[in-house]
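# Secondary and tertiary structure notes
Single-letter residue listing:
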Amino acid sequence: MAERYDCIIIGAGPAGLAAGLYAARDRFKMLLLEKFVPGGQINSTDRIENYPGFERISGYELTEKMQKQTVAFGGAIKTGAEVTALKKLSSSDIEISCDKDKYLARAVILAPGSDYRKLGIPGEDKFRNAGTGVSYCGTCDAPFFKGKSVVAIGGGNTALEETLHLCKFAAKVTLLHRRDEFRATKVLQEEFVAKSKEPNTNLLVKYSTVATAIEGKDRVESVRLKNVKTNNEESYPCDGVFIFVGMIPSTGFLKGFVELTDDGFIKCDFAHLRTNVPGVFVAGDCRVGAAMQLATATGDGANAAMMLKNYFRDSSWWNQPAGGGL
Ligand SMILES: Cc1cc2nc3c(=O)[nH]c(=O)nc-3n(C[C@H](O)[C@H](O)[C@H](O)COP(=O)(O)OP(=O)(O)OC[C@H]3O[C@@H](n4cnc5c(N)ncnc54)[C@H](O)[C@@H]3O)c2cc1C
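## Things to note about unusual backbone geometry
If you check the backbone angles, Asn231 has positive phi at about 65° while not being a glycine. By secondary structure assignment, the location of Asn231 is in the loop between strand S13 (222-227) and strand S14 (233-237). Residue classification places Asn231 among the exposed residues on the basis of 7 C-beta atoms within 10 Å. Even without being glycine, Leu273 reaches a positive phi, approximately 60°. Inspection of the secondary structure assignment puts Leu273 in the loop between strand S16 (247-249) and strand S17 (280-282).

## A closer look at the domain arrangement of the protein chain
Each domain of the protein chain was delimited in the assignment, giving domain 1 (3-115 + 247-319) and domain 2 (118-243). Taken over C-alpha atoms, the centre of domain 1 sits 33 Å from the centre of domain 2. Contacts between the two partners involve six residues from domain 1, matched on the other side by five residues from domain 2.

## Here we look at the packing of helix H4 (residues 157-167) against helix H5 (residues 186-197)
At a minimum axis distance of 10 Å, the contact between H4 and H5 shows a crossing angle of 35°. Crossing of H4 against H5: the hand is left-handed. Where H4 approaches H5, its residues Asn157, Leu160, Glu161, Leu164 and Cys167 are matched on the opposing element by Leu188, Phe192 and Lys195. Partitioned by chemical class, the residues of the contact of H4 with H5 number five nonpolar, one polar and two charged.

## Overview of the site of the ligand
The full set close to the ligand counts 35 residues, and Gly11, Gly13, Gly40, Gly113 and Gly284 are the nearest of them. At the level of secondary structure, the elements contributing two or more residues to the shell around the ligand comprise helix H1 (14-25) and helix H6 (294-313). Tallied by class, the residues present in the shell around the ligand amount to 18 nonpolar, 13 polar and four charged.

## Comments concerning the sheet that holds strand S12 (residues 209-215)
Across the sheet, three strands lie side by side as S12-S13-S14; this open sheet has antiparallel pairing. Each edge of the open sheet carries a strand with a single partner, namely S12 and S14. Neighbour to neighbour, the strand axes of the sheet diverge by 30° on average, direction disregarded. Examined bridge by bridge, S13 and S14 share five bridges and lie antiparallel to one another. Each bridged residue has a counterpart across the sheet, and for Leu225 the counterpart in S14 is Glu234.

## Notes on the nonpolar core
Within the largest apolar cluster, 54 residues are counted, with the highest numbers of intra-cluster contacts made by Cys7, Ile8, Ala19, Val108, Ile109, Leu110 and Phe281. At eight residues, H1 tops the list of elements feeding residues into this core. The contact partners of Leu110, leaving out residues within four places of it in the chain, are Ile10, Leu254, Ile266, Val280, Phe281, Val282 and Cys286. By size, the runner-up hydrophobic cluster in this structure holds 32 residues, among which are Ala159, Leu175, Phe192 and Leu203.

Criteria and thresholds
Residues numbered from 1 in each chain as written. Predicted model: local features only at pLDDT ≥ 70, side-chain atom pairs only at ≥ 80, totals over all residues. Helix = DSSP H or I, 4+ residues; strand = E, 2+ residues; numbered from the N terminus. Buried ≥ 20, exposed ≤ 12 C-beta atoms within 10 Å, placed from the backbone. Domains from an automatic or database assignment. Contact = placed C-beta atoms within 7 Å. Axes fitted to C-alpha atoms, helices over the stretch in contact; angles between N-to-C directions. Left-handed = near helix turned anticlockwise from the far one by under 90°. Nonpolar A, V, L, I, M, F, W, Y, C, P; charged D, E, K, R; others polar. Near = placed C-beta within 6 Å. Pairing = 2+ DSSP bridges. Core = buried A, V, L, I, M, F, W, Y, C linked by C-beta atoms within 7 Å.

The structure is reproduced here in structure tokens:
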């Protein structure tokens, strides 16, 4: 018979671990199911400088601290447990299926995160790390490229915002865009183009240009560029490459269970992180509108777990409007 929990949290990244800490401290019978090892995306970075309270910490060290804290308060974590399906059996029972096991829970917090969309070009995986020169997050890694020359890639809102952020640190920023006009909102495009036209600007834009390889010995030294109109190629020297071509949420297993956006993010109300399925909350990078940051993911986890009490106290709370905001 499937073991029954008050709350099951899916994914032990920063959002899931924070939710686990709060749920455990509330003395709920809870379980975190993680398909690999705890930590999620931050496991692949050795320097974090924007998590309050830590001037600099590696992802591995922060994960260890978060995990220890959650377990110290009675949180249970099962690793190697990939959730493949969920089913709402009754108003108080949700069935969660892993490869071999099944669990029951009154409430679920979905925190499976997401992953950066890759270009899939030679050198991208080899140098994937701010230390060796390839990054997917300007907000996280721009300060490591102070005074350096970097190439950014993309054409949407995130690409333009992150590129403008890079301009505050790098000596030279070259944005590559495969088309001859951006997809970003008009306002952002105007701000961007104005910046590129300032006297002595450090921002250069190369339209109709793609990167075909990232080159270097021990770290990034140049990018191979190709103009898609003329087919001309060149080796373009730089110290780093920032890839801003989108995120892929890890929500394939949730199709047909909760409402997702067209690009796979979980829909929710922003105040209480409720999905369209009563008893199912969401936290972190997998949700629509996520800021894709460590601090916001842990904030979401704490918020979702705090909301468990409202739902357990009175299940009709689920249908109450968030209220209070604009
Ligand atoms: C290289 C790198 C550097 C970064 N640097 C910074 C930084 O300096 N500062 C910053 O603020 N942010 C940084 N970020 C972003 C930050 O790591 C993310 O915003 C944050 O990890 C999101 O947390 P999350 O818990 O929502 O998702 P994730 O970290 O993606 O964790 C999700 C977890 O869920 C698990 N999972 C997925 N599907 C299932 C399933 N079906 N069953 C069970 N488990 C599942 C995954 O294995 C994973 O462990 C960085 C990201 C990367 C990749």
